[in-house]
Amino acid sequence: MAKEKKSALTENEGVSQSEITNSLSIKNIKKKRNAKINPKVLVASILKKDTTALSRAITLVESKNADHLDIANSIIKQCLPYANKSIRIGITGVPGVGKSTFIEIFGKHLTNAGKRVAVLAIDPSSSLTKGSILGDKTRMEELVKDDNAYIRPSASGKSLGGVARKTRESIILCEAAGFDVIIIETVGVGQSETTVHSMVDFFLLLKLAGAGDELQGIKRGIIEMADAIAINKADGDNLKRAKLAKVEFNRALHLYPTKDSNWQPKVTLCSALQNEGIDAIWNIVQEYIDTTTQNNYFNNKRKEQNKFWLIQTIEEQLKSDFFNRPDIKKELATQLHLIENDKTTPFAAAYYLLNLVH
Ligand SMILES: Nc1nc2c(ncn2[C@@H]2O[C@H](COP(=O)(O)OP(=O)(O)OP(=O)(O)O)[C@@H](O)[C@H]2O)c(=O)[nH]1
Ligand SMILES: [Mg+2]
């Protein structure tokens, strides 16, 4: 044995020991990285509430590598029987309304009540800003240290549909890992609210008390989607204005037709900073779940959401397959050029390109 060792060393003469160690460790890292991921083992760990395994699975879901997609699909399939058991809450509001502060305190409220909470985010700006919720992880100081909480920085991607699919699948994985409440956060700046609304049970809109123009600046659609509106920063000098805003929102909400859920959206005040009104919001969520479970809306909505996501996924996939074809890429450039020079119409060009595929 000693002899063998010696001859191995002689073979490596001229190469320093540190170089050998370095090359060995690089080889090891590569080997580990390429080691075949065993979906079964990963799923078993997820079911044991292992959040490292959960993070690995979410990374696979988010990966653009085709091999990873297969593994991710297998993991999700195995997790599905354990999914569907959480309460999914969407939270939206304009930048600065206090979403991070709210989620931190709301999350702590839930973990103190013995719940396990996962926070995911849909951040439409993430491909540009590299994910603003990354900074949130440090802002949610208490929650991030909590063993019963899991915070995942937002998925990034070119299309909202793609990011949404990843979040949908991450929800399933989090549920399999035994999280009772899943919070999906999004910045209230556009399409992403509709996307989040289509994947949650309860939709909470955080608002600020403005200067009397409460109802003018907000998109009607978002108000219509909300199951509750919480006017945040209802503290200090702001309290009076917040109370007035509550009256206005209540009046406005009564103008909307009753929802299919038979649920009358609630307006409430809170101060995330001072931890006031947070328990009331959780009570509203529970009341909503009770009402909609009894009238079966809860289950029906989830089924409708699943159907919606089936169609959505097909559309997304067809679109990406189409635009990624080398012949389409080339011909699209030509057609765009022709359009620019008024040599063809958008419809003729579209039919021409579509016919290349059919
Ligand atoms: N007075 C008061 N300030 C608050 C309250 N909640 C949040 N803030 C403050 O408002 C600022 C913005 O809060 P964030 O929680 O970062 O807001 P956000 O909605 O996550 O913002 P973005 O991540 O930029 O979209 C911070 O300075 C908070 O301390 C509140 O209830 N009362
Ligand atoms: Mg934030």
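Just so it is clear, the structure is predicted and the values come from calculations on it, not from any experiment.

Reading the values: the criteria
Residues numbered from 1 in each chain as written. Chains lettered and ligands numbered in written order. Predicted model: local features only at pLDDT ≥ 70, side-chain atom pairs only at ≥ 80, totals over all residues. Heavy atoms only, no water. Helix = DSSP H or I, 4+ residues; strand = E, 2+ residues; numbered from the N terminus. Buried < 20%, exposed > 50% of the residue type's maximum accessible area, 1.4 Å probe, protein only. Contact = heavy atoms within 4.5 Å. Areas by Shrake-Rupley, 256 points an atom, 1.4 Å probe, with all protein chains shown as cover. Phe/Tyr/Trp six-rings, centres within 6.5 Å; stacked < 30°, edge-to-face > 60°. Salt bridge = Lys/Arg side-chain N within 4 Å of Asp/Glu carboxyl O. Core = buried A, V, L, I, M, F, W, Y, C linked by side-chain atoms within 4.5 Å. Domains from an automatic or database assignment. Pairing = 2+ DSSP bridges. Axes fitted to C-alpha atoms, helices over the stretch in contact; angles between N-to-C directions. Parallel < 35°, antiparallel > 145°, perpendicular 65-115°, else oblique. Left-handed = near helix turned anticlockwise from the far one by under 90°. Nonpolar A, V, L, I, M, F, W, Y, C, P; charged D, E, K, R; others polar.

Chemist: Go over the overall build of the protein chain, please, and point to the residues and values.
Modeler: Within the protein chain one finds 17 helices and 7 strands. Burial statistics for the protein chain: of 358 residues in total, 42% are counted as buried. For the protein chain, the share of sequence-separated contacts (at least 6 apart) that also reach a separation of at least 24 residues comes to 75%. Summed over its atoms, the accessible surface of the protein chain is roughly 20400 Å², and 55% of this surface lies on carbon and sulfur atoms.

Chemist: Explain the packing of aromatic side chains to me, and be specific about the residues and the numbers.
Modeler: The full count for this structure, using the stated rule, is 7 aromatic pairs. Ring geometry for Phe-102 and Phe-106: centres 5.1 Å apart, planes at 20 degrees, overall stacked. Within this pair, Phe-102 and its partner Phe-106 are both found in helix α6 (residues 99-112), separated by 4 residues, close to a single helical turn. Exposure class is identical for Phe-102 and Phe-106. Each is buried.

Chemist: Tell me what's going on with the pattern of salt bridges, and back it up with residues and numbers.
Modeler: A pair can form between side chains of opposite charge whenever their charged atoms are brought close. For the structure shown, the criterion picks out 9 salt bridges. Across the pair Arg-88 and Glu-175 runs a salt bridge, and its minimum N-O distance is 2.9 Å. Here Arg-88 is found in strand β1 (residues 87-93), whereas its partner Glu-175 is found in helix α10 (residues 160-176), with 87 residues between them in sequence. For the pair Arg-88 and Glu-175, a shared accessibility class is recorded, and that class is buried. The salt bridge involving Glu-304 is made with Lys-307; its shortest N-O contact spans 3.2 Å. Placement of the pair is Glu-304 and Lys-307 together in helix α15 (residues 297-324), with a separation of 3 residues, close to one helical turn.

Chemist: Could you give me a rundown of the nonpolar core, with the residues and numbers involved?
Modeler: Among the nonpolar cores identified, the biggest contains 52 residues, and Ile-46, Ile-75, Leu-173, Cys-174 and Ile-231 are the most heavily contacted of them. If one sorts the elements of this core by residue count, α10 sits on top with 7 residues. Taken domain by domain, the makeup of this core includes at least three residues from each of domain 1 (35-81) and domain 2 (83-295). If near-sequence neighbours (up to four positions away) are discounted, Ile-46 is found in contact with Ala-53, Leu-54, Ala-57, Ile-75, Cys-79, Leu-173, Ala-176 and Ala-177.

Chemist: Mind laying out the pairing of strand β6 (residues 228-232), listing which residues take part and the relevant values?
Modeler: The buried count for β6 comes to 5 of 5 residues, which makes it a mostly enclosed element. Side chains Ala-228, Ala-230 and Asn-232 project from β6 onto one buried face, and the interleaved Ile-229 and Ile-231 project onto a second face that is buried too. Relative to strand β7 (residues 266-269), β6 runs parallel, the two sharing 4 bridges. The residue bridging Ala-230 from the neighbouring strand is Thr-268, located in β7.

Chemist: Can you lay out the sheet that holds strand β5 (residues 202-208) for me, pointing to particular residues and giving the numbers?
Modeler: Across the sheet, 7 strands lie side by side as β3-β2-β4-β1-β5-β6-β7; this open sheet has parallel pairing. A single partner strand is all that each edge strand has here, and the edge strands are β3 (149-151) and β7. Across this sheet, the average inter-strand angle for adjacent strands is 20 degrees, counted without regard to direction. Here β1 runs beside β5; their pairing, made up of 4 bridges, is parallel. Each residue of the ladder has a partner; that of Ile-91, found in β5, is Leu-204.

Chemist: Describe unusual backbone geometry, and please don't skip the residues or the numbers.
Modeler: The phi dihedral of Asn-84 is positive, around 75 degrees, even though this residue is not glycine. Mapped onto the fold, Asn-84 is located in the loop between α5 (66-79) and β1. We classify Asn-84 as partly exposed; its relative accessible area is 42%. We note that Asn-275 has phi near 55 degrees; this positive angle belongs to a residue other than glycine. By the secondary structure assignment, Asn-275 is in the loop between β7 and α14 (278-294). When its relative accessible area of 45% is taken as the criterion, Asn-275 is described as partly exposed.

Chemist: So, the packing of α5 against α10: which residues are in play, and what are the values?
Modeler: As a packed pair, α5 and α10 sit with axes 9 Å apart at the nearest point and diverge in direction by 45 degrees. When the axes of α5 and α10 are compared, the pair comes out oblique. Considering only the axes of α5 and α10, their crossing is left-handed. In this structure, α5 contributes Leu-69, Asn-73, Ile-75, Ile-76 and Cys-79 to the contact, and α10 contributes Arg-165, Glu-169, Ile-172, Leu-173 and Ala-176.

Chemist: Can you break down the packing of α14 against α15 residue by residue, with the values?
Modeler: Following both chains from N to C, one finds α14 and α15 inclined at 85 degrees, their axes separated by 5 Å at the closest point. With respect to α15, the element α14 is oriented roughly perpendicular. Note on element contacts: α15 touches α14 through Tyr-297, Phe-298 and Lys-301, opposite Tyr-288, Ile-289, Thr-292 and Thr-293. Residues that form the contact of α14 with α15 fall into these classes: 4 nonpolar, 2 polar and 1 charged.

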